[in-house]
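Notes for the structure review
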Amino acid sequence: MESLPTKNNEKTVAYLAAIADAGIHNAARGFSGMLGQELSVVSQEMKLLPFREIASIVNGLEEEVVGIYVRSEGDLASQFMLVIQLQTAMELADLLMDQPIGTCRELRSLERSALAEVGNLTSSFFMNSVSNLTGISLRPTPPAVVVDMAGAIIDIIVTATGSLGDWVMMLKAKFALGERAVHADFWVLPDARTLELIMSGV
Amino acid sequence: MGVQVISCDPQDVLVAYGLGSCLGIGMYDPVSRAAGLLHAVLPEQAGSSSEPGKFVDSGVKTLIEGLVRAGADRRKLVVWMAGGANMILPLGSVKAFDIGARNIQAAGKVLEALNLRLSGREVGGNSGRTVRLYVGEGRMTVRKVGEEEHAITVSYS
């Protein structure tokens, strides 16, 4: 049976949105930190959707992307996925390694480590923000870097949540770096029981 | 994802994009020319769910029922499957312990119980796949990143 995790009243939604907003902006700061340049939040949205529609938030399920996956365990259990188009990821690797854009032609272990670190920082900054606001503790897992079709990357998330009911809450944000347009999507999917916990603080 | 599609239209191509640990199961009756594709996510349906299509075991059954309603003869069904990859190389604390392998196992079990044989399978490994079922031609193809689309064969990863 479906278990809709939120009581959809305005106060709860506003509270979640405020936490998410603070988290996203802090996440952008974490991401920026590694680049030494200001990353902006282009857009953000919070959705409650049936797990099957997670795929609909991605344009191009066959497109080759880099996904940096982090989980947090403990009281604040959640999944995080930083998603970057392969081409963009290679440019990002160039930026991180201080080399001319276009140098990186392949994501080998050094580039993957750098990208893993970006994912790690982005998620950690998000988590710290939420932790400060809610007083809930967290325990991040090491990041995993996956390079494949976007649809396959989504499977990682869906199979981890699929058994918890038919609904998920997804926070989706888009970051951009100046005119360079380094676009990255950041997805946050808290476990159902974590949502309950956060909402009990309303 | 968690959906199945059935078609008798020869113009149609049924597609399941980016199958990671998910399993794409295609079926075709060459006589009635009814085709169906299931995009299953999890191996077995535990309790009741509003979405039986997302499980391999219930999904295969509802796919066959749908095909029969569309005029197919279940004894003539050609079956292919692809997907079931392990998308996370050892990550320790991740809950989804090789769901891909469990999906493959569940498929084997239900197909055997229903007396259906596989005409082709490309499963396992660590890469995502897209499958296409060409209804008009009654064939299924697979594609991975960096690969050409090719007809599904019998191979193991």
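Data block above holds the structure.
Criteria and thresholds
Residues numbered from 1 in each chain as written. Chains lettered and ligands numbered in written order. Predicted model: local features only at pLDDT ≥ 70, side-chain atom pairs only at ≥ 80, totals over all residues. Helix = DSSP H or I, 4+ residues; strand = E, 2+ residues; numbered from the N terminus. Buried ≥ 20, exposed ≤ 12 C-beta atoms within 10 Å, placed from the backbone. Contact = placed C-beta atoms within 7 Å. Pairing = 2+ DSSP bridges. Core = buried A, V, L, I, M, F, W, Y, C linked by C-beta atoms within 7 Å. Expected span 1.5 Å × (residues − 1).

**Here's the deal with the overall build of chain B**
In terms of helices and strands, chain B carries two helices and ten strands. Starting at the N terminus and walking to the C terminus, you meet the elements of chain B as β-β-β-β-α-β-α-β-β-β-β-β. The buried share of chain B, reckoned over its 157 residues, is 46%. At a minimum sequence separation of 6, the contacts of chain B that also span at least 24 residues come to 68%.

**Concerning the sheet that holds strand E9 (residues 150-151) of chain B**
Residue and element names in this part refer to chain B. Pairing within the open sheet is antiparallel, and its four strands lie in the order E2-E7-E8-E9. Since the sheet does not close on itself, it has two edges, and those belong to strand E2 (13-19) and E9, each with one partner. Bridge count between strand E7 (residues 129-134) and strand E8 (residues 139-144): six bridges; the pairing is antiparallel. Its bridge partner lying in E8, Arg132 is registered against Thr141.

**As for the environment of Glu137 of chain B**
When you line up the elements, Glu137 of chain B lands in the loop between E7 and E8. Between the C-alpha atom of Glu137 of chain B and that of Arg33 of chain B, which follows or precedes it by 104 residues, the distance is 8.9 Å.

**A few points about the nonpolar core**
If you look at the biggest cluster of nonpolar residues, it comprises 112 residues, and the most contacted ones within it are Ile68, Leu115 and Trp187 of chain A together with Leu23, Ile25 and Ala107 of chain B. Residue contributions to this core peak at nine residues, all from helix H3 (residues 109-134) of chain A.

**Quick notes on the environment of Gln44 of chain A**
Residues and elements named next belong to chain A. Looking at the element boundaries, Gln44 is found in strand E1 (residues 40-50). Take Gln44: there are 19 C-beta atoms within 10 Å of it, and that puts it in the partly exposed class. The spacing of Gln44 and Ala173 is 129 residues in sequence and 4.1 Å in space, taken between C-alpha atoms. Those residues within four positions of Gln44 in sequence are excluded, and the remaining contacts are Ile24, Lys172 and Ala173.

**Let's talk about unusual backbone geometry**
Its identity is not glycine, yet Asp98 of chain A carries a phi of approximately 55°, on the positive side. Here Asp98 of chain A shows up in the loop between helix H2 (86-96) and H3. We classify Asp98 of chain A as exposed; it has 8 C-beta atoms within 10 Å. Here the phi dihedral of Arg33 of chain B falls at roughly 60°; this positive angle occurs in a residue that is not glycine.

**A word on helix H1 (residues 10-35) of chain A**
Residue and element names in this part refer to chain A. An ideal rise of 1.5 Å per residue puts 38 Å on 26 residues; H1 measures up with 37 Å between its terminal C-alpha atoms. Buried residues of H1: Leu16, Ile19, Ala20, Gly23, Ile24, Ala27, Ala28, Gly30 and Phe31, and no others. Where H1 terminates, the next one or two residues include Gly36, which has phi positive at roughly 70°.

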